[in-house]
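An overview of the molecular structure
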Amino acid sequence: MTRVLTVISGKGGVGKTTTVTNLGLALMKQGKSVIILDANVTTPNLSLHLGIPFYPVTLHDVLKGKADASEAIYEHSSGLRIIPASLKTDDLAETSIEKLNKVLMNLLGRADIIIVDAAAGLGKEALAAVNVADELVIVTNPELPAVTDALKTVKVAEQFGTKVLGVVVNRMRGLKHELPLDDIQSMLEIPIISVIPEDIAVPRSISEKIPVVHHRPTSKSAREFRKLAATISGTEFVEKQGSLIERLFGWMI
Ligand SMILES: Nc1ncnc2c1ncn2[C@@H]1O[C@H](COP(=O)(O)OP(=O)(O)OP(=O)(O)O)[C@@H](O)[C@H]1O
Ligand SMILES: [Mg+2]
């Protein structure tokens, strides 16, 4: 049975796409069959994180009824399968996000888990991504505006009756001005399933167009993304031993 898991936030720029690529790849490395799908049809960037900006057939073509969902599945060099959205402004016309449900129906059985990268906010794009989900993961940063918007997402999930697996608190630096985890937990009233530290390896890996779990597997963020994948798949987290060089100089690379 295919699980459809949507990664959503409320506030933009908090780390949804980073979570989708890394969680997807970490689950794949555990042996799961994974597809990641860019449901951010107005400002997509999942394919940019993976370094393949232009694809002949995209989710837009599928939503327009011009192609079958199976024609829009591509394999990244890491082995991760992706359904990209089009970066072309012209493709925005006549694209009906309401048809996302039908697209997902056609994909059932093609993977153990389909991870959907939602648009920021709570507009119709984000709601379509909630609507297709069996489960949600909500991403936030440890600051009041992001958590306030995350709370709205929790309320919307309640209205849809969609199960929320938990919150990922991303870009935690452990500084005094940040909202403490206890406060985030009591504001949202859902479990915190992952705390991803602020890590320079993340933007570096994005610039290399390779998810950090693959690019810097022993970095502190990669470790937390792997732990999140273990939580989501219900498997035991196995610590990864880097090479001696990586262990000695990991903080430099
Ligand atoms: N743990 C982290 N440490 C350092 N930088 C991070 C971390 N997570 C994300 N970032 C940075 O934050 C930026 C935004 O991340 P990302 O694109 O994943 O957010 P998003 O929620 O998908 O944004 P949007 O709402 O625009 O879709 C990226 O440029 C990335 O470099
Ligand atoms: Mg994004």
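To keep things clear, this report deals only with the structure shown in the data block. Just so it is clear, the model here is predicted, and its values are computed rather than measured.

Cut-offs and rules
- Residues numbered from 1 in each chain as written.
- Chains lettered and ligands numbered in written order.
- Predicted model: local features only at pLDDT ≥ 70, side-chain atom pairs only at ≥ 80, totals over all residues.
- Helix = DSSP H or I, 4+ residues; strand = E, 2+ residues; numbered from the N terminus.
- Rg over C-alpha atoms; globule rule 2.2 N^0.38 Å.
- Buried ≥ 20, exposed ≤ 12 C-beta atoms within 10 Å, placed from the backbone.
- Contact = placed C-beta atoms within 7 Å.
- Near = placed C-beta within 6 Å.
- Axes fitted to C-alpha atoms, helices over the stretch in contact; angles between N-to-C directions.
- Parallel < 35°, antiparallel > 145°, perpendicular 65-115°, else oblique.
- Left-handed = near helix turned anticlockwise from the far one by under 90°.
- Core = buried A, V, L, I, M, F, W, Y, C linked by C-beta atoms within 7 Å.
- Pairing = 2+ DSSP bridges.
- Right-handed = clockwise from strand over helix to strand, strands pointing away.
- Expected span 1.5 Å × (residues − 1).
- Arc of directions from axis to C-beta.

Here we take up the overall build of the protein chain. Along the protein chain, the regular secondary structure elements total 11 helices and 8 strands. Taking 2.2 N^0.38 as the reference for a compact globule, 253 residues should give roughly 18 Å; the C-alpha atoms of the protein chain span a radius of gyration of 17 Å, in line with that estimate. Counting across all 253 residues of the protein chain, residues that qualify as buried make up 45%. Put simply, of all contacts in the protein chain between residues at least 6 apart along the chain, 74% involve residues at least 24 apart.

The next thing to look at is the site of ligand 1. Taken together, 19 residues surround ligand 1, and among them Gly12, Thr17, Thr18, Ala120 and Pro203 come closest. Those elements that provide at least two residues to the shell around ligand 1 are helix H1 (16-29), strand E7 (163-172) and helix H8 (201-208).

Further remarks concern the packing of helix H6 (residues 144-160) against helix H7 (residues 181-188). Between H6 and H7, whose axes approach to 9 Å, the crossing angle comes to 30 degrees. One finds that H6 runs roughly parallel with respect to H7. For H6 against H7, the interelement crossing comes out right-handed. Touching Val147, Ala150, Leu151 and Val154 of H6 are Ile184, Met187 and Leu188, all from H7.

Our focus in this paragraph is the environment of Thr2. Following the sequence through the fold, Thr2 ends up in the segment before strand E1 (3-8). The spatial distance from the C-alpha of Thr2 to the C-alpha of Arg81 is 15 Å, given a sequence separation of 79 residues. Among all residues touching Thr2, those that are not within four sequence positions of it are Leu108, Gly109, Ala111, Asp112, Ile113 and Ile114.

Ile114, Ile115, Val116 and Ala129 are the most contacted members of the largest nonpolar core, which has 71 residues in total. At 6 residues, H1 tops the list of elements feeding residues into this core. Those residues within four positions of Ile115 in sequence are excluded, and the remaining contacts are Leu5, Val7, Val20, Leu23, Gly24, Val34 and Ile36.

Turning next to the pairing of strand E8 (residues 192-197). As paired elements, E7 and E8 share 5 bridges and run parallel to each other. In the strand pairing of E8, Val169 is matched with Val195. The parallel pair E7 and E8 is bridged by H7, and the resulting crossover is right-handed.

What follows is about H6. A rise of 1.5 Å per residue sets the reference length of H6, with its 17 residues, at 24 Å; its end C-alpha atoms lie 24 Å apart and thus fit the reference within 8%. All of the buried residues in H6 are Ala146, Val147, Ala150, Thr153 and Ala157. Take H6 and look down its axis: the buried residues cluster within an arc of 105 degrees, on one side only. The outward face of H6, more than 90 degrees from its buried face, is lined by the exposed residues Pro145, Lys155, Glu158 and Gln159. Each element contacted by the buried residues of H6 is listed here: E1, helix H5 (124-131), strand E6 (135-140), E7 and H7. Phi turns positive one or two residues past the end of H6, at Gly161, with a value near 75 degrees.

By definition, the strands of a sheet pair up through backbone hydrogen bonds, in either a parallel or an antiparallel sense. One open sheet accounts for 8 strands, arranged E3-E4-E2-E5-E1-E6-E7-E8; its pairing is mixed. Each edge of the sheet is formed by a strand with only one pairing partner; in this case those strands are strand E3 (74-75) and E8. In terms of strand pairing, strand E2 (residues 34-38) meets strand E4 (residues 81-83) through 3 bridges, oriented parallel. Pairing of Ile35 across the sheet is with Arg81, part of E4. Contacting E7 and E8, helix H10 (residues 220-233) crosses the sheet at an angle of about 165 degrees to E8.

What follows deals with unusual backbone geometry. A positive phi angle is found at Arg171, which is not glycine, with a value near 65 degrees. Mapped onto the fold, Arg171 is located in strand E7. One non-glycine residue, Glu189, adopts positive backbone phi at about 55 degrees. Along the chain, Glu189 turns up in the loop between H7 and E8.

Here we take up the environment of Ser221. Here Ser221 shows up in helix H10. We classify Ser221 as buried; it has 23 C-beta atoms within 10 Å. For Ser221 and Ile184, which are 37 residues apart along the polypeptide, the C-alpha to C-alpha distance reads 20 Å. Beyond its immediate stretch of four places on either side in the chain, Ser221 contacts Ile196, Pro197, Asp199, Ala201, Val202 and Val212.

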